[in-house]
Amino acid sequence: MRVLVVGGGGREHALCWKLAQSPLLTALWCAPGNAGIAEVARCVPIGATDIPALVAFAVEQRIDLVVAGPEAPLTIGLADACAAAGLRCFGPSAAAAQLEGSKSFMKQVADAAGAPTAAWARFSDSALARAYVRTTGAPIVVKADGLAAGKGVVVASSVEEAEAAIAEIMDDRIHGAAGAEVIIEECMTGPEISFFALCDGVTAVPFGAAQDHKRVGDGDTGPNTGGMGAYGPPPIFTAAMQAEVMARCITPVLADMAARGAPFRGVLFAGLMLTPTGPRLLEFNVRFGDPECQVLMLRLESDLLPLLVAACETRLHEVPVVWRDESAVVVVMAAEGYPGTPRRGTVIRGLEAADAIPRAKVFHAGTALRADGAVIAEGGRVLGLAATGTDLRHARDTAYAAVAAVDWPEGFCRGDIAARAVMPPTAATGE
Ligand code: AMP
Ligand code: GLY
């Protein structure tokens, strides 16, 4: 099969690395890719949101499967354009991608499906939103309704903070059009889990869980990022919790989406909070998590390619998913300045040494190859140093050994990825 992966981050490197191992694969392209992806796929310089160019390329190259990495191309209709051109695409239609693209749509679907989630209200008038938070009191959560690159959420510990967030989102439009409406939500508490289900529109199968570290600094301090590291499987997420999430959140939402005429095909990423009253939905994403995908791909025993094809052909019930009895950890290295303005163009050395460590794997995120062959930093999150191990402690030690092998003075990482899962509670951070 001839496959085109869309995107160019660590998630797409992990997807390409796994797909490249498939005996069914005959050719692999990635648009636009990065320096690491170039080792396993042919990179084509087409942007991930240039839908006409992506579809034209896929038609010309007789691609059998297009795999969407990020949400942006999906929310603007990559899967629809592929379908119109007779191409298979792993990823939901623009209508189904609204589960991530619009928080109010997600809340409506969750309510219609009876999925447990935080109580909520929506406002298009900032004065009414401010009046509402004065009645609810704090803590309270304020969210821009549209896509705001993960930055549109404020967990306000006081009414004043909530009112200030409403003013910034709606009146000052700090996230642009995403702030035309706000969602005000009940504040839930508990550890967060990223849970994944492969969906073919009709059937959903569990596809693993991981825990992400969203803040930039050790001990969960500093601003939010796309994710500074992840580990899995998360010890706190039990088989019983997974069964409950499938039964109460995933399966009913899939049925509701089909009933709306927007069947969901692709990977449904449920952001869950494990509250004292059980798992509840924080959000849906319509793609693999980054860096959670790196952990999933390292742990997946099954061939990924037939699973993605089965999801496109409403045959997921036919294909078993097998996991390795191993843990995996990924530590993200970011460029100085991230999540603000990252420093670009600095040279990264030691990647071969890191990759040579047994059970370690280097995933590239924001890298590029310079004309002289040097690998340089070209983004915020630049590398994912990952490893498997018989347990999380071993995987974590190996991932940090890989970090130590990387020679990149202008990069940094958190020192406490997966610490909460392997250290005694008193020493654990983040919870
Ligand atoms: P979201 O983009 O909706 O996932 O929100 C980003 C982060 O804000 C989540 O990962 C949570 O840490 C936090 N958050 C969002 N909604 C809530 C909520 N209702 N209660 C508590 N924390 C929340
Ligand atoms: N790591 C969280 C996300 O991909 O949204």
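First things first, this report covers the structure right here in the doc. (Residues numbered from 1 in each chain as written. Chains lettered and ligands numbered in written order. Predicted model: local features only at pLDDT ≥ 70, side-chain atom pairs only at ≥ 80, totals over all residues. Heavy atoms only, no water.)

### Structural notes on the overall build of the protein
And then number 1: A tally of helices and strands in the protein yields 14 helices and 23 strands.
And then number 2: Here the C-alpha atoms of the protein give a radius of gyration of 21 Å, agreeing with the 22 Å that 2.2 N^0.38 yields for 431 residues.
And then number 3: Dimensions of the protein along its principal axes, counting C-alpha atoms only, are 60 × 50 × 40 Å.
And then number 4: In the protein, which comprises 431 residues, the proportion classed as buried is 57%.
And then number 5: Accessible surface computed for the protein: about 16000 Å², of which carbon and sulfur atoms make up 54%.
And then number 6: Charge centroids of the protein, computed over 35 positive and 47 negative side chains, lie 2 Å from each other. (Helix = DSSP H or I, 4+ residues; strand = E, 2+ residues; numbered from the N terminus. Rg over C-alpha atoms; globule rule 2.2 N^0.38 Å. Buried < 20%, exposed > 50% of the residue type's maximum accessible area, 1.4 Å probe, protein only. Areas by Shrake-Rupley, 256 points an atom, 1.4 Å probe, with all protein chains shown as cover. Lys, Arg positive; Asp, Glu negative; His and termini not counted. Charge placed at Lys NZ, Arg CZ, Asp CG, Glu CD.)

### Observations concerning the site of ligand 2
And then number 1: In the vicinity of ligand 2, the contacting residues are D212, G226, F269, R287, G289, D290, P291 and E292.
And then number 2: Taking D290, its main chain carries an N or O atom lying 2.9 Å from a nitrogen atom of ligand 2.
And then number 3: Surface burial for ligand 2 is 88%, taken as the share of its 200 Å² of free accessible area covered by protein chains.
And then number 4: Class assignment for the residues of the shell around ligand 2 results in two nonpolar, two polar and four charged. (Near = heavy atom within 4 Å. Polar contact = N/O pair within 3.5 Å; in protein donor to acceptor, adjacent residues only side chain to side chain. Nonpolar A, V, L, I, M, F, W, Y, C, P; charged D, E, K, R; others polar.)

### A short note on the nonpolar core
And then number 1: In this structure, L99, F195 and I250 are the most contacted members of the largest nonpolar core, which totals 54 residues.
And then number 2: A total of seven residues in this core trace back to one element, the largest contributor, which is helix α9 (residues 239–259).
And then number 3: If near-sequence neighbours (up to four positions away) are discounted, F195 is found in contact with P206, G208, A209, F237, Q242, V245, M246, I250, L268, F269, A270 and L272.
And then number 4: Core analysis: the next-biggest nonpolar cluster, separate from the first, contains 44 residues, V5, F288, L300 and L307 among them. (Core = buried A, V, L, I, M, F, W, Y, C linked by side-chain atoms within 4.5 Å. Contact = heavy atoms within 4.5 Å.)

### Brief notes about the sheet that holds strand β8 (residues 153–156)
And then number 1: One open sheet accounts for four strands, arranged β6-β9-β7-β8; its pairing is antiparallel. At either end of the open sheet lies a strand with only one pairing partner, and these are β6 (120–123) and β8. Averaged over all pairs of adjacent strands, the angle between strand axes in this sheet comes to 20°, irrespective of strand direction.
And then number 2: Relative to β8, strand β7 (residues 140–144) runs antiparallel, the two sharing four bridges. Each residue of the ladder has a partner; that of V141, found in β8, is V155.
And then number 3: Most of the contacts of helix α7 (residues 126–136) go to β6, to which it runs at about 155°, and overall it touches β6, β7 and β9 (182–186). (Pairing = 2+ DSSP bridges. Axes fitted to C-alpha atoms, helices over the stretch in contact; angles between N-to-C directions.)

Geometric descriptors of this kind do not, in isolation, establish any biological role.
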